[in-house]
Structure formats: structure tokens, C-alpha cells
Amino acid sequence: MSTEQGADAEPYTVADTVSAVVRQWQAVRPDVDTGPMEIIGRINRCAALLQQAEDAPLRHAGLTRPEFDLLGTLRRTGRELTPGDLARETFASGAAVTKRLKQLQERGLVARRGDTRDRRVSHLSLTEEGRVLVDELLPRQLAYEASVLAGLDGGRGGELAGLLGELLLQLEGRLGGARG
């Protein structure tokens, strides 16, 4: 299937699951522009496959991707965060964050400190064990992710990252979810 990508771009041929769906739609509804489906459908399919894939380094450490995201957020911000902060930073529900934090606390990876002014608020930080774990896992996880992307031709990863960044900025501005 050939698809024109912009006025100056050369058409390319892709033979993936989404191309079959697009061909089927074009057969029954040739009057409908399936261009958006070719992009959004592929993003959704990639996301679904990546979510199904086992993150080997995380699995070996007994962590899920969402748990690692919480630990990583505490590490990269370098300060205490509230559960609400973590929910915003990781795009997770408050209930999901609470459940994950409980498990991470039980494992000794996260420490909780009550607020001196408001007993309803808690402040979270990594324990030394949590910091060491994140620092050990991050390079291994990034190497794993690089291997997942290794099939991209040449320097196309940077191009793809840039295009996805543009799309994300546009969606965050239009649909919400932008963070400062």
C-alpha cells in the first residue's frame, strides 16, 4: 500500500496490520480518507504491542512498568512528591498510584512522610534501596528499549521521536494533559 506523507515526501509502502485494515476500508468506503487511521491506528497498535511486551529488566527486578515509572519519577525529580504529584507526572489514576505506592513501600523502595500542616497529605521519596535499584535498572531498561527500536533504518529513530514529539505537543495543547 502506498501512502503519500506530505507534499514533498516520497510515498512509501508498508505491509503491516493497519495497512490491511485500511485496504478493507478503502474497498468498502473508497470515498473516505483513511490517512488519519494510518497514523493513529499505527500509534495505537505500537502502544498495545509495547504494553504486551515484557520489559525483561523490570520483570527480573520484580517490577511492572507503572511501578518503575513511579520510582523513576521520584528519582528524576530529585524531591519529595505527593501521591497527586505522582499521578499527574505518570498520567495514572490516584487509586492506581495509591495501590502501587503501597506495594513499593512494602518492598522498602519508597518512604512516606506525613505533612506537618495537613495530616491528609503525605510526601514520598525513594529510600536508598529504591534509588540504587532505579540507578541500576535505568541503563538496562534503556538498552532493552533500544533493542526494541533497533529495526528502524539508520537515524530514523530521531526523526520518529521528533514527529511524535510534535504530535504530543499538539494533542496536549488541544486535548489537555500538558504539564509544566
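To keep things clear, this report deals only with the structure shown in the data block. Everything numeric in this text was worked out from a predicted model, so none of it was measured. (Residues numbered from 1 in each chain as written. Predicted model: local features only at pLDDT ≥ 70, side-chain atom pairs only at ≥ 80, totals over all residues. Heavy atoms only, no water.)

**Structural notes on the overall build of the protein**
Working step 1: Counting secondary structure elements, the protein contains 8 helices and 4 strands.
Working step 2: Counted from the first residue to the last, the protein has its helices and strands arranged as β-β-α-α-α-α-α-α-β-β-α-α.
Working step 3: Among the 180 residues that make up the protein, the fraction classed as buried is 25%.
Working step 4: Nonlocal contacts in the protein, meaning residues at least 24 apart in sequence, comprise 49% of its contacts between residues at least 6 apart.
Working step 5: Carbon and sulfur atoms make up 56% of the accessible area of the protein, which totals about 12200 Å². (Helix = DSSP H or I, 4+ residues; strand = E, 2+ residues; numbered from the N terminus. Buried < 20%, exposed > 50% of the residue type's maximum accessible area, 1.4 Å probe, protein only. Contact = heavy atoms within 4.5 Å. Areas by Shrake-Rupley, 256 points an atom, 1.4 Å probe, with all protein chains shown as cover.)

**Topic: the pattern of salt bridges**
Working step 1: Counted under the stated rule, the structure contains 12 salt bridges.
Working step 2: In this structure, Arg 113 engages Glu 80 in a salt bridge whose closest nitrogen and oxygen atoms are separated by 2.6 Å. Here Arg 113 is found in strand S3 (residues 110-114), whereas its partner Glu 80 is found in the loop between helix H4 (65-77) and helix H5 (83-90), with 33 residues between them in sequence.
Working step 3: The partly exposed category is assigned to Glu 80, whose relative accessible area is 31%.
Working step 4: The partner of Glu 106 in a salt bridge is Lys 102, and the shortest N-O contact between them spans 3.4 Å. With Glu 106 and Lys 102 both in helix H6 (residues 94-106), this residue pair falls 4 residues apart, about one helical turn. (Salt bridge = Lys/Arg side-chain N within 4 Å of Asp/Glu carboxyl O.)

**Points about helix H7 (residues 128-149)**
Working step 1: With 22 residues, H7 extends 32 Å from end C-alpha to end C-alpha; this agrees with the ideal 32 Å at 1.5 Å per step.
Working step 2: Where H7 is buried, its residues touch helix H3 (56-60), H4 and strand S4 (122-126). (Expected span 1.5 Å × (residues − 1).)

**Comments concerning the nonpolar core**
Working step 1: Counting residues in hydrophobic clusters, the biggest one holds 21 residues, and the most contacted among them are Leu 63, Leu 71 and Leu 86.
Working step 2: Of all the secondary structure elements, the ones that give two or more residues to this core are H4, H5, H6, S4 and H7.
Working step 3: No other element matches the 4 residues that H4 contributes to this core.
Working step 4: Setting aside anything within four residues of it in sequence, one finds Leu 63 in contact with Leu 58, Phe 68, Leu 71, Leu 104, Arg 107, Leu 109, Leu 133 and Leu 137. (Core = buried A, V, L, I, M, F, W, Y, C linked by side-chain atoms within 4.5 Å.)

**Details of the pairing of S4**
Working step 1: The element S4 is largely enclosed, with a buried count of 4 among its 5 residues.
Working step 2: Both S3 and S4 contribute to a ladder of 5 bridges, which runs antiparallel. By the bridge assignment for S4, Gly 114 is matched with Ser 122. (Pairing = 2+ DSSP bridges.)

These figures capture arrangement, not role.
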